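Understanding the architecture of this molecule
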Amino acid sequence: MRQLLSWSTCATSADCVGVTRQPYNRCLTHLEAEELEAHLATLTPGQSLDLRGTTVPAGLLDRILAAMENVVGRARFDQAVFCSPARFGDVTFNGDASFDEARFDALASFFNTRFRGNVSFKGVRFGREISLYGSRVRGHLSMDESAVASDALFGEACFGSASFRRAEFHGFSSFDQARFHGDATFRGARFSRPVSFLKTAFEGAAGFQSVRFGAKAFLAPAVVGRHLALTQARASGPVELHVTGCPVDLSEARVLGRLTVRAGDADLDLTGLTSRGRSKVGRKGGPIRVLSLAALDADDLTIEGADLTRCHLPGVVNADRLRLRDCVFAASPGGRRQLRFSWPPLRRTFFSRVSWVALLALVAVAAALWSSTPQQQNRHPRPAVTQGGTWAHSSGTDQGSP
């Protein structure tokens, strides 16, 4: 059954779903050479471009963009198929651009491309690399449910806001020095190989809820305006997180590799965090406040220099594997505020354990000697009552004289 489409399709064959060109009733790919030349001659800069469902052979895209002098108005590439490298470098889209469910069999390059409206790559399949390096999107970028078979480069790009929900990145991914003026959502995205967010600017919220990291994830944003959320994220490799000036939510995240968190002037929520590698949470500049450690399950985690005054420590799984160094707690056992100490007191060295055991033994011996020392007899004899009801002094017996 032929798919129902919102445009008139090419009359050449039932297999071709390219949008028709009038008066030919065929798509651009199936026009004769003279017909194609006549159509290209009608194109002007800033004009709308419609290639929905069209299979674009090598050279055709370059000829179209050259005829429009790299300035396109409203652009529609839904379900188009690009058989050769598609190069949109230095092209300006004055209107919205849609590539929904398109297919790029080779390189998809948007290097230094300008999108003055919104751009959508929802459900697009990239057979090779995609590059939006240095591109500018004034509106919203959507790559929801897209899949990139090779490397994805977003470095130094600028977006109004962006969504990568359930996107799949099978190659190396780089967002280094990119800027998101609005919220950036990566909920449910999958990164099979290393991904880097070095000096990335999130002026809104950065959401990595339920993200899957198959290799190293390096998140060192330059700024996060609202909050950074990795709730229920899963990482098979190491995760390195450097962040300042925003709340960080790691609740119910699971990291099998080494977890390194360096934060400054940040609130951390570690509720239900599972860490299987040797991990550390430490300060980077300003203070860090750990809000919750409830249900924390870490094989080897060190928290250093953190404010735990608002944190509830009971409920930590494997508490003996948690080390707290130079942390501030809510109150001492005697009620004094701002108690600072490290936990556990037992260091993992032979001599420290011997010293601690010796101290306990000394206390036990002192307690035993004290309990075995006979009490001094009372210097003043206690009064006793005689049978006649008169008072008498007793030196140790309860019998009185008649």
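These numbers come from a predicted model, not from an experiment.

Before going further, it helps to spend a moment on the overall build of the protein chain. When helices and strands are counted, the protein chain shows three helices and 44 strands. Taking as baseline every contact in the protein chain between residues at least 6 positions apart, the subset at least 24 positions apart corresponds to 15%. Summing over all exposed atoms, the protein chain offers an accessible surface of approximately 20500 Å²; the carbon and sulfur share of this is 51%.

All buried positions along helix α1 (residues 33–40) are accounted for by Glu35, Leu36, His39 and Leu40. Taken end-on, α1 shows its buried residues confined to a sector of 135 degrees, consistent with a single buried face. In α1, the exposed positions that point more than 90 degrees away from the buried face belong to Ala33 and Glu34. Those residues of α1 hidden inside the fold are in contact with α2 (60–67).

With that out of the way, let us pick up the side chain of Ser120. With respect to the secondary-structure elements, Ser120 resides in strand β12 (residues 119–120). Within the local environment of Ser120, its side chain forms a polar contact with the side chain of Asp100, the two groups lying 2.5 Å apart. Not counting residues within four places of it along the chain, the set of residues in contact with Ser120 comprises Ala97, Ser98, Phe99, Asp100 and Ser142.

Here Gln22 and Pro23 are connected by a cis peptide whose omega angle stands at 10 degrees. Along the chain, Pro23 turns up in the segment before α1. Phi is positive for Gln79, which is not a glycine, with a value near 60 degrees. Relative to the helices and strands, Gln79 resides in the loop between β4 (75–76) and β5 (81–82).

All right, on to the side chain of Arg26 then. Turning to its location among the elements, Arg26 is positioned in the segment before α1. For Arg26, a relative accessible area of 18% puts it in the buried group. Engagement of the side chain of Arg26 in a polar contact is seen with the backbone oxygen of His30, the distance being 2.9 Å. A distance of 3.0 Å separates the side chain of Arg26 from the side chain of Glu35, its partner in a polar contact. When residues no more than four places from it in sequence are discounted, the contact partners of Arg26 are Cys10, Thr12, Val19, Thr20, Arg21, Leu31, Glu32 and Glu35.

What follows concerns the packing of aromatic side chains. Scanning all chains against the criterion turns up 36 aromatic pairs. Between the aromatic rings of Phe180 and Phe202, the centroid separation amounts to 5.2 Å while the plane-to-plane angle is 5 degrees, which identifies the pairing as stacked. Placement of Phe180 in strand β21 (residues 179–180) and of Phe202 in strand β25 (residues 201–202) is noted, with a sequence separation of 22 residues between them. Phe202 carries the same exposure label as Phe180, and that label is buried. Measuring from ring centre to ring centre gives 6.5 Å for Phe186 and Phe191, while their planes differ by 45 degrees; the resulting arrangement is tilted. Like Phe186, the residue Phe191 is buried in the burial classification. Through pairs of rings, three or more aromatic residues link up here, namely Phe154, Phe159, Phe164, Phe169, Phe175, Phe180, Phe186, Phe191, Phe197, Phe202, Phe208 and Phe213.

This part is about α2. Within α2, burial applies to Leu60, Leu61, Ile64 and Leu65. Relative to the axis of α2, the buried residues are bounded by an arc of 125 degrees and lie together on one face. Where α2 is buried, its residues touch α1, β1 (49–50), β2 (55–56), β3 (71–72), β5 and β6 (86–87). Just downstream of α2, Glu69 is the residue with a positive phi angle, here 55 degrees.

Attention shifts here to the nonpolar core. Counting residues in each nonpolar core, the largest one holds 99 residues, and the members touching the most others are Phe88, Phe99, Phe104, Phe164, Phe186, Phe208 and Ile303. When sequence neighbours within four positions are dropped, the list of residues in contact with Phe88 reads Leu61, Leu65, Phe77, Phe82, Phe93, Phe99, Phe104, Ser109, Phe110 and Thr113.

On to a nonpolar patch on the surface. Residues Phe111, Tyr133, Leu153 and Phe172 make up a contiguous nonpolar surface patch of roughly 330 Å² in combined accessible area. For Phe172, a relative accessible area of 32% puts it in the partly exposed group.

Here is what the cut-offs are and how they apply
- Residues numbered from 1 in each chain as written.
- Predicted model: local features only at pLDDT ≥ 70, side-chain atom pairs only at ≥ 80, totals over all residues.
- Heavy atoms only, no water.
- Helix = DSSP H or I, 4+ residues; strand = E, 2+ residues; numbered from the N terminus.
- Contact = heavy atoms within 4.5 Å.
- Areas by Shrake-Rupley, 256 points an atom, 1.4 Å probe, with all protein chains shown as cover.
- Buried < 20%, exposed > 50% of the residue type's maximum accessible area, 1.4 Å probe, protein only.
- Arc of directions from axis to C-beta.
- Polar contact = N/O pair within 3.5 Å; in protein donor to acceptor, adjacent residues only side chain to side chain.
- Phe/Tyr/Trp six-rings, centres within 6.5 Å; stacked < 30°, edge-to-face > 60°.
- Core = buried A, V, L, I, M, F, W, Y, C linked by side-chain atoms within 4.5 Å.
- Patch = residues over 30% accessible without salt bridge, like charges linked within 9 Å, V, L, I, M, F, W, Y side chains within 5 Å.
- Salt bridge = Lys/Arg side-chain N within 4 Å of Asp/Glu carboxyl O.

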